[in-house]
Amino acid sequence: GAGVSQSPSNKVTEKGKDVELRCDPISGHTALYWYRQSLGQGLEFLIYFQGNSAPDKSGLPSDRFSAERTGGSVSTLTIQRTQQEDSAVYLCASSSPPGLAGVSSYEQYFGPGTRLTVT
Amino acid sequence: GEDVEQSLFLSVREGDSSVINCTYTDSSSTYLYWYKQEPGAGLQLLTYIFSNMDMKQDQRLTVLLNKKDKHLSLRIADTQTGDSAIYFCAESMTGYSTLTFGKGTMLLVSP
């Protein structure tokens, strides 16, 4: 089946504008993760959704960042009043519950990312 | 806090073995991973090892874990130019929790 997809693949925005990044996880995956990859900072965890539980937001860098996951599937990461330091590649990953046939329970499958550039 | 460290760059010749090293600080890390990222592509899981294992071998890949020293290594035998990529070491406390990544090691394989 299809892997994790993300849109848009590239986004250029002006400082101060809001942006929304979308992630479509693999069907049936209950866990969804957002990470950010930037020069000098490597890969940083942002937020984690697991089923119907409250999300783990401990990695969000400021209150300008928020994410939601509707219907346990698609997730949107929103960055309000973007700043130049928000420029990065935003990666989404999903993983399966134990026991799903043919799929490793320990692998997070990553999407190709959204490259965000704030000018 | 948690920290994962790797050397930033490794250059080898085609056919040689490559060894990429990683150290981590969180003694409660249970799962340790190696991911590969090719230019313009997403992250691909290469292999993982549980903290109660010392070694795992998968074709050309060998992972060694020294839990006492919190040291993880990835050995790629008979390195090919197609192995050129950035390799990330990562750790998590459970198979389901978030990953803490190192900054990545860029492997350059020359013909």
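One can find the structure itself at the top, above this paragraph.
Please read these numbers as outputs of a predicted model, since none were measured by experiment. (Residues numbered from 1 in each chain as written. Chains lettered and ligands numbered in written order. Predicted model: local features only at pLDDT ≥ 70, side-chain atom pairs only at ≥ 80, totals over all residues. Heavy atoms only, no water.)

A.B. asks: Would you mind showing me how to read the state of the cysteines here?
C.D. replies: One covalent bond between the sulfur atoms of two cysteine residues makes up a disulfide. Inspection of the entire model under this criterion finds two disulfides over all chains. Note that A:Cys23 is cross-linked by a disulfide to A:Cys92, the S-S spacing being 1.8 Å. As the torsion about the S-S bond is roughly -65 degrees, the A:Cys23-A:Cys92 disulfide counts as left-handed. Remark: A:Cys92 occurs in strand β8 (residues 88–95) and A:Cys23 occurs in strand β3 (residues 19–24); sequence separation between them is 69 residues. The side chain of B:Cys22 participates in a disulfide bridge whose partner is B:Cys89; the two sulfur atoms lie 2.0 Å from each other. Residues B:Cys22 and B:Cys89 are joined through a disulfide that is left-handed, its torsion about the S-S bond being -65 degrees. Of this pair, B:Cys22 sits in strand β3 (residues 18–24) while B:Cys89 sits in strand β9 (residues 85–92), and the two are 67 residues apart along the sequence. By the burial criterion, B:Cys22 is buried, and B:Cys89 matches it. (Disulfide = S-S within 2.5 Å. Helix = DSSP H or I, 4+ residues; strand = E, 2+ residues; numbered from the N terminus. Buried < 20%, exposed > 50% of the residue type's maximum accessible area, 1.4 Å probe, protein only.)

A.B. asks: What is the right way to look at the sheet that holds strand β1 (residues 4–6) of chain B in this model?
C.D. replies: The strands making up a sheet associate through hydrogen bonds between their backbones, and the pairing can be parallel or antiparallel. Residues and elements named next belong to chain B. Taken together, five strands build an open sheet; the order of strands is β1-β3-β8-β7-β6 and the sheet is antiparallel. Edge positions in the sheet fall to β1 and β6 (55–58), since each has one partner strand and no second. Each adjacent strand pair in this sheet contributes to an overall mean axis angle of 15 degrees, direction not counted. As judged from the four bridges shared by β6 and strand β7 (residues 61–66), these two strands associate in the antiparallel manner. Each residue of the ladder has a partner; that of Gln57, found in β7, is Thr62. (Pairing = 2+ DSSP bridges. Axes fitted to C-alpha atoms, helices over the stretch in contact; angles between N-to-C directions.)

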